[in-house]
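Single-letter residue listing:
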Amino acid sequence: MPDDLTAADLQEWVTGLDVLFGRVAGRFGRVEPRRQARAYLLGLLAPIDRKNSWQLAEAAGDTAPDRMQRLLNSARWDPRQVRVDLREYVMEHLGHHDGVLIVDETGFLKKGDKSAGVQRQYSGTAGRVENCQVGVFLAYASPLGRALIDAELYLPRSWTDERDRCARAGIPADVPFATKPALARTMLVRVLQAGVPVSWVTADEAYGLDFKFRRFLEEQRLSYVVAVPKSQWVGTDWDGDRADTATAQAPAEAWKRRSCGRGAKGERLYDWALGSVRFEVEPGYQRWLLARRSLTPNAKGERELAYYLCYAPAGTTLEDLIAVAGSRWAIEECFQSAKNETGLDHYQVRRFDAWHRHITLAMLAHAFLAVTAAHSPKAQAGWSASHQPRSAVCWHT
């Protein structure tokens, strides 16, 4: 909760929270879990250091964390149904025809081997291999704001191959192994079936290099800008090249200096080059290779390069593609604010269902802050599209 609220601001803030909780209250069948869920939500929004069951219970006036723990571990409510209400709330306030869906993952450092899905694996949060859980998330960003709208807990094969271990962590027997891109597709299907207004999808290399993920987006007529590694093959099997090799052939005049949006230190300026990829697509659509080059050299004296595969209606501009590539940072900002402000990573639960319940309530609290900020007179749009020999890639000059 903001520290500088006036009495009028506070009343408006409380009213807005009551309206939001009114949307989800029916998902908690009995009075006790309903009251506890509201107390949990208030605690997540309160200015307390660690938002675990003990501190949330203390903020709610409870002498012990039993009620908070029961809400997460044994009370009867379905977090996926609450996420339906969360998504509708976000779309009502932040939905826009230029909306972008952003897929990414974040790690949750854990001790021991009992928490669902935990193992030694790479954590982008830590920047190294750690003992952690990994959640795959879906965010929605538009000119009106951004918020997390869905999540799935990644379960490595070390878990799904041992069903007794899964049972002890509350993982249902019908939950199979699924790759992170497959989890992302599952969430995108839910969003599409709900009719969410969206023009684009963007994701990092872990998803961009997955052919099934890109093909799924194309089958759904979803335009995309996804990061790929330098080794990504571009073009057809018989007429193509690696992304870095193709980019090395780009003429000097193909590079354009553009901003991909404002960051903490001002405009995020890079040099960009766009090339059309010779590849059969649906009529009216086009594939491109987009390359981004840093302006200043790194410690090795090199200007770092990043690569993106793009798919969108023919005639889409370089500026449009750059804006979508830049919008991917919105989910990183969502992770940071949700962890710092609504306790996304403060949980102390081990069960699969308890993880989903805490994460859902933390996303709900974060969405409330995002919507409140969007309605503030001081609010600024978090993202907006900017309309400013034979090779497999034809570079635009």
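Residues numbered from 1 in each chain as written. Predicted model: local features only at pLDDT ≥ 70, side-chain atom pairs only at ≥ 80, totals over all residues. Heavy atoms only, no water.

**Q** Sorry, what's going on with the overall build of the protein here?
**A** Tallying secondary structure elements over the protein gives 14 helices and 13 strands in all. Against the compact-globule benchmark of 21 Å for 397 residues, the protein has a radius of gyration of 22 Å, which places it among compact chains. Counting only C-alpha atoms and orienting by the principal axes, one finds that the protein spans roughly 75 × 55 × 45 Å. Looking at the protein as shown, the accessible area adds up to about 18900 Å², and 49% of this sits on carbon and sulfur atoms. Counting 52 positive and 48 negative side-chain charges, the protein places the averaged centre of each group 3 Å from the other. (Helix = DSSP H or I, 4+ residues; strand = E, 2+ residues; numbered from the N terminus. Rg over C-alpha atoms; globule rule 2.2 N^0.38 Å. Areas by Shrake-Rupley, 256 points an atom, 1.4 Å probe, with all protein chains shown as cover. Lys, Arg positive; Asp, Glu negative; His and termini not counted. Charge placed at Lys NZ, Arg CZ, Asp CG, Glu CD.)

**Q** Would you explain the side chain of K110 in this entry?
**A** Relative to the elements of secondary structure, K110 occurs in the loop between strand 1 (100-109) and strand 2 (119-123). Other than its neighbours up to four places away in sequence, K110 contacts S115, V118, N131, C132, Q133, Y347, Q348 and V349. (Contact = heavy atoms within 4.5 Å.)

**Q** Quick question: what am I supposed to make of helix 13 (residues 329-341) here?
**A** Helical geometry note: an α-helix holds 3.6 residues per turn, so side chains three or four residues apart project in the same direction. The end-to-end C-alpha separation of helix 13 is 18 Å, in line with the 18 Å expected for 13 residues at 1.5 Å each. Along helix 13, the residues classified as buried are A330, I331, C334, F335, S337, A338 and K339. The secondary structure elements touched by the buried residues of helix 13 are strand 1, strand 3 (128-142), strand 4 (145-153), helix 12 (318-327) and helix 14 (352-375). Looking at the residues trailing helix 13, positive phi occurs at G343, about 65°. (Expected span 1.5 Å × (residues − 1). Buried < 20%, exposed > 50% of the residue type's maximum accessible area, 1.4 Å probe, protein only.)

**Q** Could you clarify how one ought to interpret the side chain of R357 in this entry?
**A** The topology assignment puts R357 in helix 14. No salt bridge is formed by the buried R357; the nearest opposite charge belongs to D353, separated by 5.1 Å. A distance of 3.4 Å separates a polar side-chain atom of R357 from the backbone oxygen of L72. With near-sequence residues (within four places) excluded, R357 lies in contact with L71, L72, N73, S74, A75, R76, W77 and P79. (Salt bridge = Lys/Arg side-chain N within 4 Å of Asp/Glu carboxyl O. Polar contact = N/O pair within 3.5 Å; in protein donor to acceptor, adjacent residues only side chain to side chain.)

**Q** How should I be thinking about the state of the cysteines in this particular structure?
**A** The bond known as a disulfide is covalent and runs between the sulfur atoms of two cysteines. A full pass over the atoms with the stated rule returns 0 disulfides. Here C166 stays unpaired: no disulfide links it, and the sulfur of C132, its closest cysteine neighbor, is 17 Å away. A relative accessible area of 0% means that C166 is categorised as buried. Left unpaired, C310 is separated from the closest cysteine sulfur, that of C260, by 13 Å. (Disulfide = S-S within 2.5 Å.)

**Q** When you look at the layout of surface pockets in this model, what are you seeing that I'm missing?
**A** In this approach a probe as big as a water molecule rolls over the atoms, and the regions it shows empty are the leftover space. Estimates place the volume of the second largest pocket at around 320 Å³. Every residue lining the second largest pocket is counted, 16 residues in all, and those nearest its centre are D104, E105, G124, T125 and E332. Sorting the residues of the lining of the second largest pocket by element identifies strand 1, strand 2 and helix 13 as the ones contributing at least two each. Across the lining of the second largest pocket, the residue classes break down as 5 nonpolar, 5 polar and 6 charged. (1 Å grid on protein atoms, 1.4 Å probe; cavity = no way out; pocket = protein on both sides within 12 Å on 5 of 7 lines; lining within 4 Å. Points joined across faces, edges and corners; volume = space filled by probe spheres on them. Nonpolar A, V, L, I, M, F, W, Y, C, P; charged D, E, K, R; others polar.)

**Q** Help me out: how do you make sense of the pairing of strand 5 (residues 200-203) in this one?
**A** Sheet faces and side chains relate simply in a regular strand, where the side chains alternate between the two faces. Both faces of strand 5 are covered, namely the face carrying W200 and T202 and the face carrying V201 and A203. Sheet analysis places strand 1 next to strand 5, joined by 4 bridges and oriented parallel. Residue pairing in the sheet places V100 in a bridge with W200 of strand 5. (Pairing = 2+ DSSP bridges.)

**Q** Teacher, can you tell me more about the nonpolar core here?
**A** Nonpolar side chains tend toward joint burial in soluble globular proteins. If you look at the biggest cluster of nonpolar residues, it comprises 124 residues, and the most contacted ones within it are V90, F137, L148, F213 and L344. Per element, the largest residue contribution to this core is 14 residues, and it comes from helix 14. Setting aside its immediate chain neighbours within four residues, L344 contacts F108, F137, L148, F335, A338, K339, H358, I359, A362 and M363. (Core = buried A, V, L, I, M, F, W, Y, C linked by side-chain atoms within 4.5 Å.)

**Q** Mind showing me how you'd approach unusual backbone geometry here?
**A** For R221, which is not glycine, the phi torsion reads 60° and is therefore positive. With respect to the helices and strands, the residue R221 is situated in the loop between helix 10 (211-219) and strand 6 (223-228).

**Q** I tried to follow the pairing of strand 4 on my own but got confused; where do I start?
**A** When you tally the buried positions in strand 4, you get 9 out of 9 residues, the bulk of the element. Sheet topology places strand 3 next to strand 4; 8 bridges connect them, and they run antiparallel. When the bridges of strand 4 are listed, V136 appears paired with E152. Once strand 3 ends, the chain turns through 2 residues before running back antiparallel as strand 4.

**Q** Can you walk me through helix 4 (residues 66-73) in this structure?
**A** Every buried residue of helix 4 is accounted for by M68, L71 and L72. Relative to the axis of helix 4, the buried residues are bounded by an arc of 90° and lie together on one face. As for helix 4, its buried residues are in contact with helix 2 (31-45), helix 3 (53-60) and helix 14. (Arc of directions from axis to C-beta.)

**Q** I tried to follow the pattern of salt bridges on my own but got confused; where do I start?
**A** Applying the stated criterion to the full structure yields 23 salt bridges. A salt bridge links R30 to E32, with the nearest nitrogen and oxygen atoms 3.9 Å apart. Salt-bridge contacts for E282 lead to R221; the nearest nitrogen and oxygen are separated by 3.4 Å. Of this pair, E282 sits in the loop between strand 10 (266-277) and strand 11 (285-293) while R221 sits in the loop between helix 10 and strand 6; the two residues are 61 residues apart in sequence, bridging distant segments of the chain. Salt bridges here are not isolated pairs; linked through shared partners, they connect R80, R83, D150, E152 and R190.

**Q** When you look at the packing of aromatic side chains in this model, what are you seeing that I'm missing?
**A** Given two aromatic rings, their pairing is described by the distance between the two centres and the angle made by the two planes. On inspection of all chains with the given rule, the structure shows 14 aromatic pairs. Look at W13 and F368: their rings are 5.2 Å apart centre to centre, the planes differ by 80°, and that puts the pair in the edge-to-face class. In this pair, W13 sits in helix 1 (residues 7-24) while F368 sits in helix 14, placing the two residues 355 residues apart along the sequence. Take W13: its relative accessible area is 5%, and that puts it in the buried class. Look at F368 and you get buried, because its relative accessible area is 2%. An angle of 45° between the planes, with centres 6.4 Å apart, marks the rings of F108 and F137 as tilted. Of this pair, F108 sits in strand 1 while F137 sits in strand 3, and the two are 29 residues apart along the sequence. Neither F108 nor F137 differs from the other in exposure class; each is buried. Ring pairing ties together the aromatic residues F108, F137, F335, Y347 and W355, which thus form one cluster. Here R328 stacks its cationic end above the ring of W329, 5.5 Å away from the centre of that ring. Residue placement shows K339 over the ring face of F108; its charged tip is 5.4 Å from the ring centre. (Phe/Tyr/Trp six-rings, centres within 6.5 Å; stacked < 30°, edge-to-face > 60°. Lys NZ or Arg CZ within 6 Å of the ring centre and 35° of its normal.)

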